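# An overview of the molecular structure
Below, each chain spelled out in residue letters.
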Amino acid sequence: MVSLNKITIKGFRNIDVFSINLENITSLLAPNNYGKSNALAAITFGFQFVKGLPKTKLMLMGNQSCISINKGIAGKPFVFEEEGTIDENTDFIYGFSFDWKRNRNNYKEKNSDGCILTEYLKIKNRNGEKPKYTTLINRTAGNKVKYKPSQTGRCDKDLLIESNELALNKLYNYDDLFYHHYLEAIKSIRVRGVDTLSDPEENFAPRLMLDDNGKQTLMLGSDLARYLYDLKQKDKDAYEFLISATTNLIPTIETIDPVAINKLDLEIDKDAPFELPDQYDVVVKEKYNNQQTRFQYLSTGSMKLLNLLTKVIKAQKDGVQLLLVEELENSIHPRLLQSLLSTIGDLLGETKLLFTSHSPNLAKYLSAPQLYVGLPSEKGYVDFRTLKTTKVSHALKIAAAGEMSLGEYLFDLMLDMECDPELISEFFTKS
Amino acid sequence: MTKKKAKIKPECIKVIFVEGDADEIVFEKLIDYYRSNGFKKQIKIINTHGFPDEKEMRKHLETIRRCSKTPVMFDTVVCEYDTDVFVKNSKQKPDWKMVEANLKRLFEVIHFCRIQANTSIEDWMLDDLEGLLKALCLPLNTQLKGQYGQDKMKALFRRKNIMYDRYKGREKIKPFLDKLDVAKIREARKKELKGLEKLLGIDI
């Protein structure tokens, strides 16, 4: 399975440079209105761009909600780079950049507006005699793309390409290319977001509404209930493990059962080729109740937990490489966070998790490489950095002196820190 | 002449701090084992649901002292913790001499000792692997997967679709851990338990 190890992004909303090494679980800690969501949105945007058709790419290059309006970086091109491993022995680096499409006449016009500027793909086989990166795709000036056509050849064969087209996508159509499987692997990388902020009920329970005649009508909207139902039928082990994980975190829940319901009683012709699917719901039995209830009777926190854990196991089973979660701690009490992190870690499998947080209660359970803190920036840029490895033991000592964990200390440091470049470069890695 | 108040004899308390549900279950079983071999004194096991650092211990000792109806005296305070937290570099090793001195100064603790579960309490449980595999109804030749004890336990429980949670999994894991042979674990961990047994006067 392809694994993502590092992502670098430039020129997106208030992001000048954002670079992150991905652990199994990695966090972005910052105060409100700092740019945590922008970092996640930039990642989603980058992968969406890789997958998008040329027409979609044009639209994305003109997406005004993503273009930076920060005075210091306005007009800078979008730069995206991903690093990872394709199989046990092969590392890759793939990246591209483009110029945003401008819409102001008085702006100094550039021919590259809405055009892809650079693109590269480098592969390294760790088993080779002298492992080093080999360039397979190299685009240095807009439409001039060179690629490596054969094992022995150099990366010097011209590729005709449109300005809104990625060479990765075009070369993918060349079935006989010796690195076709690498292109396929990189194209297949999946990044998925989990919304923990909206009402979890919407993801599970079909809602009964009163129609004009006062009769109950079933509303759609039960994707996760259906997913749970299917999981129970098709992969009982995974289903039971998910339920064990959930009931461990919420011990008052005894059972969780996805059920198929069909209250609509739709008439169907005998010879109809398809039948509309049943509706699904989730019913739970709580320890102190005398009967099962629908999922929506649970507390918001419990609903959010089941929603989150179901999406984590779904991501793992779908082979998603990176799961993005906003405010993981949302609606969850602090004592549960340690177990939640451990549980998610067990459910993730090969999938990696990147989440945002502004909770020291969560940060305290993370180790140094898992903690990216948002440092103050005079220009309002996002500046997420992690501790230098040489400074970890130093920071641990300071934290211990204040009877804190490393995460809590970094959280405090982040909030108390003035914009002091010397102090920042003393403790933190370069962004 | 006013009558002198009779001095109430302080209640003598022995406390073992443990860092999670799994540790709590193991130490409950261990104390039961000591009892079955003649140990009679009361011991309080306090689960701190995380590393039992000085701050945590102070909080709990203060609560006991303030909530007790009679004066209390902390005869023995034992701190049990897993060392994996230091291996994974997320916590600084406490200055244990300082911790001991502070507890003795603030709470008049008479005896203080530490029990290091190296690298975690799960490694202790795996000392009775046969018992654990039987409890989980797994074949006795089941291979262990994972680097640390906790990973190995998680992998074993995963085979039965059970989430193993050392911090908050009491209800789920207790039925299985109850079947462990604690005498076997004690035998394998004699060195680590030496300090505790000396303080409790265990001589089996």
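Residues numbered from 1 in each chain as written. Chains lettered and ligands numbered in written order. Predicted model: local features only at pLDDT ≥ 70, side-chain atom pairs only at ≥ 80, totals over all residues. Heavy atoms only, no water.

### Quick look at the pairing of strand β17 (residues 352-357) of chain A
All names here are of chain A. The buried count for β17 comes to 6 of 6 residues, which makes it a mostly enclosed element. Here β17 shows no split at all, with Lys 352, Leu 354 and Thr 356 on one side and Leu 353, Phe 355 and Ser 357 on the other all buried. In terms of strand pairing, strand β3 (residues 25-29) meets β17 through 5 bridges, oriented parallel. Paired with Ile 25 across the bridge in β17 is Leu 353. Regarding topology, helix α9 (residues 334-348) serves as the crossover connection from strand β16 (residues 322-325) to the parallel β17, and that connection is right-handed. (Buried < 20%, exposed > 50% of the residue type's maximum accessible area, 1.4 Å probe, protein only. Helix = DSSP H or I, 4+ residues; strand = E, 2+ residues; numbered from the N terminus. Pairing = 2+ DSSP bridges. Right-handed = clockwise from strand over helix to strand, strands pointing away.)

### Side note on the domain arrangement of chain A
You can read the domains of chain A as domain 1 (3-190 + 355-427) and domain 2 (200-318). Between domain 1 of chain A and domain 2 of chain A, the C-alpha centre-to-centre distance is 37 Å. (Domains from an automatic or database assignment.)

### Some details on the pattern of salt bridges
Under the defined criterion, the tally for this structure stands at 36 salt bridges over all chains. Between Asp235(A) and Lys317(A) there is a salt bridge, with its nearest N and O atoms 2.4 Å apart. Here Lys317(A) lies in helix α8 (residues 300-317) and Asp235(A) lies in the loop between α6 (223-234) and α7 (236-249), a separation of 82 residues in the sequence. What makes Lys317(A) partly exposed here is its relative accessible area of 38%. Glu254(A) is the salt-bridge partner of Lys285(A), the closest N and O atoms lying 3.7 Å from each other. You can see Lys285(A) sitting in strand β14 (residues 279-286) and its partner Glu254(A) sitting in strand β13 (residues 253-261), a full 31 residues away along the chain. Given the relative accessible area of 18%, Lys285(A) is considered buried. A cluster of three or more residues bridged by salt bridges with shared partners is formed by Glu19(B), Asp82(B), Asp84(B), Glu122(B) and Arg166(B). (Salt bridge = Lys/Arg side-chain N within 4 Å of Asp/Glu carboxyl O.)

### A short note on the sheet that holds strand β4 (residues 78-87) of chain A
Residues and elements named next belong to chain A. Read from one edge of the open sheet, 8 strands run β2-β1-β4-β5-β6-β7-β8-β9, paired in antiparallel fashion. Taken across any chain shown, the strands that pair with only one partner, and hence form the sheet edges, are β2 (15-21) and β9 (157-159). Within the sheet, the average angular offset between the axes of one strand and its neighbour, ignoring direction, is 15°. Here β4 pairs with strand β5 (residues 90-98) via 9 bridges, running antiparallel. Bridge assignment links Val 79 to a residue of β5, and that residue is Ser 97. Its contacts with the sheet place helix α4 (residues 180-187) against β4, β5, β6 (116-125) and β7 (134-141), and it is angled at close to 120° to β4. (Axes fitted to C-alpha atoms, helices over the stretch in contact; angles between N-to-C directions. Contact = heavy atoms within 4.5 Å.)

### With respect to the environment of Leu406(A)
Residues and elements named next belong to chain A. Within the element layout of this structure, Leu 406 appears in helix α12 (residues 406-416). The class for Leu 406 is buried, based on a relative accessible area of 1%. Residues Leu 406 and Lys 364, 42 residues apart in the sequence, show an inter-C-alpha distance of 6.4 Å.

### Quick notes on helix α7 (residues 149-158) of chain B
Buried within α7(B) are the following residues: Gly149(B), Gln150(B), Met153(B), Lys154(B), Leu156(B) and Phe157(B). Seen along its axis, α7(B) keeps its buried residues to an arc of 165°; they face one direction. Check the buried side of α7(B) and you find it contacts α9 of chain A together with α3 (84-87), α5 (121-125), α6 (129-135) and α8 (170-177) of chain B. (Arc of directions from axis to C-beta.)

### A closer look at the sheet that holds strand β10 (residues 191-194) of chain A
Residue and element names in this part refer to chain A. Within the open sheet, the 6 strands sit side by side as β10-β16-β17-β3-β18-β19. Their pairing is mixed. One side of each edge strand has no neighbouring strand; the edge strands of this open sheet are β10 and β19 (384-385). Inspection of the sheet shows β10 paired to β16 by 4 bridges, in the parallel sense. Along β16, the bridge assignment pairs Val 194 with Val 325.

### Remarks on the interface of chain B and chain A
Opposite the 22 residues of chain B that make contact, chain A presents 28 residues. A buried area of about 2,300 Å², summed over both sides, lies between chain B and chain A, and 46% of it is on carbon and sulfur atoms. Counting the contacts that link chain B with chain A gives 3 salt bridges. Residue Lys287(A) pairs with Glu171(B) through a salt bridge whose shortest N-O separation is 3.5 Å. For the pair chain B and chain A, the number of links is 13 residue pairs in polar contact (both at pLDDT 80 or more). Only α2 (54-67), α7 and α8 of chain B provide two or more residues apiece to the side of chain B that touches chain A. Here the side of chain B that touches chain A takes 3 residues from α2(B), the largest share from any one element. (Buried area = accessible area lost by both parts, 1.4 Å probe. Polar contact = N/O pair within 3.5 Å; in protein donor to acceptor, adjacent residues only side chain to side chain.)

### Brief notes about the state of the cysteines
Residues and elements named next belong to chain B. In this structure the tally under the stated criterion is 0 disulfides over all chains. The thiol sulfur of Cys 67 is not disulfide-bonded, and the nearest other cysteine sulfur, from Cys 12, lies at 19 Å. Look at Cys 67 and you get exposed, because its relative accessible area is 60%. Cys 113 provides the cysteine sulfur closest to Cys 79, a residue in no disulfide bond, and the two sulfurs are 9.0 Å apart. (Disulfide = S-S within 2.5 Å.)

### Observations concerning the nonpolar core
All names here are of chain A. In this structure, Leu 328, Leu 340, Ile 344, Leu 347, Phe 355, Leu 410 and Phe 428 are the most contacted members of the largest nonpolar core, which totals 68 residues. The residues that make up this core include at least three from each of domain 1 (3-190 + 355-427) and domain 2 (200-318). Setting aside residues no more than four positions away along its own chain, Phe 355 makes contact with Ile 25, Thr 26, Ser 27, Leu 28, Val 325, Leu 328, Leu 341, Leu 362 and Leu 366. Within the second largest apolar cluster, 58 residues are counted, among which are Phe 12, Cys 66, Leu 166 and Ile 186. (Core = buried A, V, L, I, M, F, W, Y, C linked by side-chain atoms within 4.5 Å.)

### Focus: the domain arrangement of chain B
Residue and element names in this part refer to chain B. Taken as a whole, chain B is organised into domain 1 (11-120 + 183-195) and domain 2 (122-177). Here the C-alpha centroids of domain 1 and domain 2 sit 24 Å apart. Contacts between domain 1 and domain 2 engage 28 residues on the former and 19 residues on the latter. Both faces considered, domain 1 and domain 2 share a buried interface measuring about 2,000 Å² in area, 56% of it formed by carbon and sulfur atoms. Where domain 1 packs against domain 2, one counts 7 salt bridges. Arg 170 serves as the salt-bridge partner of Glu 28, at 2.9 Å between the closest nitrogen and oxygen. Elements with a contribution of two residues or more to the side of domain 1 that touches domain 2: α1 (21-36), α3, β4 (111-117), α9 (182-188) and α10 (190-200). Ranked by the residues each element gives to the side of domain 1 that touches domain 2, the list is headed by α1, at 8 residues.

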